[in-house]
Amino acid sequence: LHVQATPLTGKEDSRIGVLIVLHDLTRLRRLESVRRDFVANVSHELKTPITAIRGAVETLLDDESTDVASQRFLQIIFKQSERLNALVEDLLNLSRIEQGVETGGWELSCEPLLPILHSARAACESLLSQQQVGLDIICPEQLKNRVNAPLLEQAIINLLTNAIKYSEAGSHVLIEVIELDEFVKIRVEDSGCGIAAEHLPRLFERFYRADLARSRSLGGTGLGLAIVKHVAHAHQGEITVSSEVGKGSCFTLLLPRRQKPEVV
Ligand code: ADP
């Protein structure tokens, strides 16, 4: 049940009542859950044939009797099956995270943040050298917060992957962690191509892409930021973005320092 209350004021700001609107979300929630289960089941079913295709193609590519022309087509099939596999993995990840948020199933514990950032950096090492982009990390060494470490690492990898992908060779990406009273702020900043203002409100939707041609050529599933949004929600936190075309982008993950009281 979603409850919305608005005070009603009369002359000279005198309070004359309260308007209470109750929204019954049962049907909506049920539909959401059917959609999530459907996507998760389809993704799961797709995994087996994709694995079989990749296995067969790898065997043919390793076979010395395969001629050069066939090798070329096999490389294409292999690359596309890798893309499909990444998409299915991201769809499964997204459903799993969404479901956890819905049922309150994500356990948070007090963890140091720096090792999580270092392991996210390790996961992006090959992309960093391939794109010739540098990465700086600024984080107080002893800083701890309530997190689910694997989930947070996944979100940071997604933000870093984008920051690196959309940057020019020779530039630097920065992850900065700032300790505030109520929040820990994790900023991932790049000086890459930036995002036009009209795209910002929809950026965290599944499959939304700001620059279709560029995003397609750079690869990716279009689900990275949707995953980040759900990871933020699993921490009762938020994700925001500010960006300027041609100057760069900054994604900010706000994680509460203490557990927020449950909203009924
Ligand atoms: P993708 O797999 O396409 O990168 P995401 O959900 O991670 O999908 O990102 C959605 C879109 O947001 C991207 O296609 C891209 O247009 C834009 N985007 C995300 N991060 C950045 C960034 N750091 N710089 C520029 N554009 C970005």
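Attention here is on the structure that accompanies the text. These numbers come from a predicted model, not from an experiment.

## Re the pattern of salt bridges
Across all of its chains, the model carries 11 salt bridges by this definition. The partner of Arg 35 in a salt bridge is Glu 98, with the nearest N and O atoms 3.1 Å apart. A residue pair is termed long-range when its members are at least 10 positions apart, and Arg 35 in helix H1 (residues 26-62) and Glu 98 in helix H2 (residues 68-103) qualify at 63 residues. Judged by relative accessible area, Arg 35 falls into the partly exposed class, the value being 26%.

## Some words on the site of the ligand
Every one of the 22 residues lining the ligand counts as a neighbour, but Asn 162, Asp 190, Ser 215, Gly 222 and Leu 225 are closest to it. Here an oxygen atom of the ligand and a backbone polar atom of Gly 222 are 2.9 Å apart. Between the ligand and the protein, one listed contact pairs an oxygen atom with a backbone N or O atom of Leu 225 at 2.9 Å. Notes on the ligand: free accessible area 530 Å², of which the protein chains cover 98%. In terms of residues, the shell around the ligand owes the most to one element, helix H5 (residues 149-165), which gives three residues. Considering only residue class, the shell around the ligand consists of 10 nonpolar, eight polar and four charged.

## Focus: H5
The end-to-end C-alpha distance of H5 is 24 Å, a good match for the 24 Å that 17 residues give at a rise of 1.5 Å each. Along H5, the residues that are buried comprise Leu 151, Leu 152, Ala 155, Ile 156, Ile 157, Asn 158, Leu 159, Leu 160, Asn 162, Ala 163, Ile 164 and Lys 165.

## What about the nonpolar core?
Among the nonpolar cores identified, the biggest contains 49 residues, and Leu 113, Leu 152, Leu 160, Ile 186, Leu 203 and Phe 251 are the most heavily contacted of them. Each residue touching Leu 160, except ones within four places of it in the same chain, is listed here: Ala 120, Arg 121, Cys 124, Leu 135, Val 173, Ile 175 and Val 188.

## Let's talk about the packing of H2 against helix H7 (residues 224-234)
Each pair of packed helices gets described by two things: the angle between the helix axes and the distance between those axes. Running from N to C, H2 and H7 cross one another at 20°; their axes reach a closest spacing of 9 Å. When the interaxial angle is binned, H2 and H7 end up roughly parallel. The two elements H2 and H7 cross, and the hand of that crossing is left-handed. Residues Asp 90, Asn 93, Leu 94, Ile 97, Glu 98 and Val 101 of H2 form the contact with H7, whose participating residues are Ala 226, Ile 227, His 230, Val 231, His 233 and Ala 234. Within the contact of H2 with H7, the residues separate by chemical class into seven nonpolar, three polar and two charged.

Thresholds, definitions, all that
Residues numbered from 1 in each chain as written. Predicted model: local features only at pLDDT ≥ 70, side-chain atom pairs only at ≥ 80, totals over all residues. Heavy atoms only, no water. Salt bridge = Lys/Arg side-chain N within 4 Å of Asp/Glu carboxyl O. Helix = DSSP H or I, 4+ residues; strand = E, 2+ residues; numbered from the N terminus. Buried < 20%, exposed > 50% of the residue type's maximum accessible area, 1.4 Å probe, protein only. Near = heavy atom within 4 Å. Polar contact = N/O pair within 3.5 Å; in protein donor to acceptor, adjacent residues only side chain to side chain. Areas by Shrake-Rupley, 256 points an atom, 1.4 Å probe, with all protein chains shown as cover. Nonpolar A, V, L, I, M, F, W, Y, C, P; charged D, E, K, R; others polar. Expected span 1.5 Å × (residues − 1). Core = buried A, V, L, I, M, F, W, Y, C linked by side-chain atoms within 4.5 Å. Contact = heavy atoms within 4.5 Å. Axes fitted to C-alpha atoms, helices over the stretch in contact; angles between N-to-C directions. Parallel < 35°, antiparallel > 145°, perpendicular 65-115°, else oblique. Left-handed = near helix turned anticlockwise from the far one by under 90°.

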